[in-house]
Structures are given as C-alpha cells and as structure tokens.
Amino acid sequence: MPKLTIDGIEVEVEKGTTLLEAIRFLGIHVPTLCHNDGLTPLGACRLCIVEIGKPPRSKIVTSCTYPAEDGLYVRANSEKVIKLRKLIIE
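An account of the packing of aromatic side chains is needed here, citing residue identities and associated values.
Under the criterion given, the structure shown has zero aromatic pairs. Stacked on the ring of Y73, the Lys or Arg K54 has its end atom at 4.9 Å from the ring centre.

Pasting the structure below:
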C-alpha cells in the first residue's frame, strides 16, 4: 500500500488509488468538471491539477489520472496550482 504526503498529511492508500481519490479521502477539496465516479478517468478539463514533488523539481499533473505512489509529495492547493486553475477556467 503506497504511503504519500498530501498537504503535509501522511496517508496510506490502497494500490490503484488515484491522487484525486486520496485527496478526497482526506476531505480536501479539488475542483473537477469531467470526473464522474464509475467512469474511466479522462483528465480532459484539467481542473483537478495538483503539484507533485518538491520545488524546484515539482510538476503539475491531473489528480484524477495520476496514481498514488509510495513517497509522493503532493500539494493540492498550492499558490501555483490555484493560479493555473484560474487560467484554465479563463
């Protein structure tokens, strides 16, 4: 079972869990438009983006399609992510 850190909170999830599922398990809000439970994740709307890794080597990924991995460091609502979500909506 992968152990990862989301917004400073360590969590252990089942193998095959997406980052979006792990984030929602912790009660953290991440917006989505195209995600529907029971359907294959698509990542088309890009609103569920999160930042993984530690700066300056972090990257942006769609949380609905990215698998939770052991040792992953995730920021669900960093300043960078919020700015990018606003650009996506515009």
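Help me get a handle on unusual backbone geometry, residues and values and all.
Negative phi characterises most residues that are not glycine, and trans characterises most peptide bonds. In this model, P55 is joined to P56 through a cis peptide bond whose omega is 5°. Among the structural elements, P56 can be located in the loop between β3 (49-52) and β4 (59-62). We note that D7 has phi near 50°; this positive angle belongs to a residue other than glycine. Relative to the assigned elements, D7 resides in the loop between β1 (3-6) and β2 (9-12). A residue is classified by how much of its surface remains accessible, and D7, at 34% relative accessible area, is partly exposed. Of note, the phi angle at R46 is positive, near 70°, even though the residue is not glycine. Secondary-structure assignment places R46 in the loop between α1 (19-25) and β3.

Analysis parameters
Starting afresh in each chain, residues are numbered from 1 along the sequence in its written order. This being a predicted model, a pLDDT of at least 70 is required before a residue's local features are given, and a value of 80 or more before pairs of side-chain atoms are given or counted; all residues contribute to the totals for chains, interfaces and linings. Excluded from the side-chain calculations are hydrogens and water; all other atoms, namely the structure's heavy atoms, are used. Working definition: a ring pair exists when centres of Phe, Tyr or Trp rings (six-membered ring for Trp) sit within 6.5 Å. Plane angles under 30 degrees give stacked, over 60 give edge-to-face, the rest tilted. Comment: the charge-over-ring label is applied if NZ (Lys) or CZ (Arg) is within 6 Å of the ring centre and within 35 degrees of the ring normal. Working definition: helices are DSSP H or I runs of at least four residues, strands are E runs of at least two. Numbering for both runs from the N terminus. Exposure categories follow from relative accessible area, calculated using a 1.4 Å probe and restricted to protein chains: below 20% of the type maximum is buried, above 50% is exposed, and the middle band is partly exposed.

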